[in-house]
Amino acid sequence: MGTLGWLLDAQVQIAGSPVLVREIVGNAFGLVSALLGLRRLVWAWPVGMIGNALLLTVFLGGVFATPQAHDLYGQAGRQVFFFAVSVYGWWRWRRNRRADAGNAAVLPRWATWRERLAMLLAAAVGTAAAYPVLAALGSWGPLPDAWILTGSLLATYGMARGWVEFWLVWIAVDAVGVPLLLRGGFYPSAVMYLIYGALCAWGFAAWWRTSRVTRPAVPRTPIYTEAVA
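Residues numbered from 1 in each chain as written. Predicted model: local features only at pLDDT ≥ 70, side-chain atom pairs only at ≥ 80, totals over all residues. Heavy atoms only, no water.

A.B. asks: Which residues make up the environment of Leu-180, and what are the values?
C.D. replies: Here Leu-180 shows up in helix α8 (residues 166-184). Between the C-alpha atom of Leu-180 and that of Ile-148, which follows or precedes it by 32 residues, the distance is 9.9 Å. Once you skip the residues sitting within four places of it in the chain, Leu-180 turns out to touch Trp-140, Gly-141, Pro-144, Asp-145 and Ile-148. (Helix = DSSP H or I, 4+ residues; strand = E, 2+ residues; numbered from the N terminus. Contact = heavy atoms within 4.5 Å.)

A.B. asks: Outline the pattern of salt bridges, listing residues and values.
C.D. replies: Using the criterion set out here, one finds two salt bridges in the structure. Ionic pairing is found between Glu-115 and Arg-109, a salt bridge with its closest N-O pair at 3.0 Å. Taking relative accessible area as the criterion, Glu-115 reaches 18% and is therefore assigned buried. Owing to a relative accessible area of 29%, Arg-109 belongs among the partly exposed residues under this scheme. The partner of Arg-116 in a salt bridge is Glu-165, and the shortest N-O contact between them spans 2.8 Å. (Salt bridge = Lys/Arg side-chain N within 4 Å of Asp/Glu carboxyl O. Buried < 20%, exposed > 50% of the residue type's maximum accessible area, 1.4 Å probe, protein only.)

A.B. asks: So what about the nonpolar core? Which residues, and what values?
C.D. replies: Residues Trp-93, Trp-167, Trp-170 and Trp-207 are the most contacted members of the largest nonpolar core, which totals 42 residues. At the level of elements, α2 (21-38), α3 (44-59), α5 (73-100), α7 (142-161), α8 and α9 (187-214) are the ones that each hand at least two residues to this core. Examining the composition of this core, we find that nine residues originate from one element, α9, more than from any other. Apart from the residues lying within four places of it in its own chain, the contact partners of Trp-93 are Gly-37, Arg-40, Leu-41, Val-42, Trp-45, Ala-105, Val-106, Met-159, Ala-160 and Trp-207. (Core = buried A, V, L, I, M, F, W, Y, C linked by side-chain atoms within 4.5 Å.)

A.B. asks: Account for the packing of helix α6 (residues 113-137) against α7, naming residues and giving values.
C.D. replies: Contact pair α6 / α7: the axes reach a minimum separation of 8 Å and the direction vectors enclose 145°. When the axes of α6 and α7 are compared, the crossing they make is right-handed. On the side of α6, the interface is formed by Glu-115, Met-119, Ala-122, Ala-123, Gly-126, Thr-127, Ala-130, Tyr-131, Leu-134 and Ala-135, while α7 contributes Pro-142, Leu-143, Asp-145, Ala-146, Trp-147, Leu-149, Thr-150, Leu-154 and Arg-161. Taken together, the residues of the contact of α6 with α7 break down into 13 nonpolar, three polar and three charged. (Axes fitted to C-alpha atoms, helices over the stretch in contact; angles between N-to-C directions. Left-handed = near helix turned anticlockwise from the far one by under 90°. Nonpolar A, V, L, I, M, F, W, Y, C, P; charged D, E, K, R; others polar.)

A.B. asks: Could you give an account of the packing of aromatic side chains, with specific residues and numbers?
C.D. replies: Two aromatic rings are characterised by how far apart their centres lie and by the angle between their planes. For the coordinates displayed, the defined rule picks out twelve aromatic pairs. The interplanar angle of 80° and the centroid separation of 5.9 Å between the aromatic rings of Trp-110 and Phe-204 together place this pair among those described as edge-to-face. Here the residue Trp-110 occupies a position in the loop between α5 and α6, and Phe-204 occupies one in helix α9, the gap between them amounting to 94 residues. Arranged with centres 4.4 Å apart and planes meeting at 35°, the rings of Phe-166 and Trp-167 form a pair that is tilted. Grouped by ring-pair contacts, the aromatic residues Tyr-88, Trp-91, Tyr-157 and Trp-163 constitute a single cluster. Across from the ring centre of Trp-113, 4.5 Å away, lies the NZ or CZ of Arg-116, which sits over that ring. (Phe/Tyr/Trp six-rings, centres within 6.5 Å; stacked < 30°, edge-to-face > 60°. Lys NZ or Arg CZ within 6 Å of the ring centre and 35° of its normal.)

Read these as spatial facts, not as claims about activity.
Dropping the structure here:
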């Protein structure tokens, strides 16, 4: 209980404000998960799930007595959904790796236009549905929190499917998340969002290049010529 108790209660001072060590540790697990995901390694999922469990306790300040004055229920809720979607991603990547007998667990590809349209509709509907729920719960900044929740789930699902576009969704989430977290005093998470944004740009370029290399060749239609008697 000594180590666990320390992890739950330990704090450091950042910019004159108390910050939980578990917020720093949880974000560190998230960063490692993103790096593993960039390399398309299965371990990205279980490592990320550990970070999700830690960050859940950070954003539910009223339950776990965090030093921040704001509860971000969308941020907390997305950790739960992350955990659930990560189970699917873990299973899918393990299955793909066994089938391909290789190190990389997924072959990046661009989503089809139908899949892109479905993502846009899901983003709009998910944000619209999450907003009144988060507002009723008293979440701080319910509208940006609703997009962060919805966009994060879409990005995680896109990663599981191997869509190159999932990196762009993450960048859109980070662009909204950084100012929200800074205003709420969640400084380590805000800094990690900035790092994630740079990592996502790198990951997008890497997956784009890989998708070009691994794109299946389109068979050409043979042209036959016949002699006319």
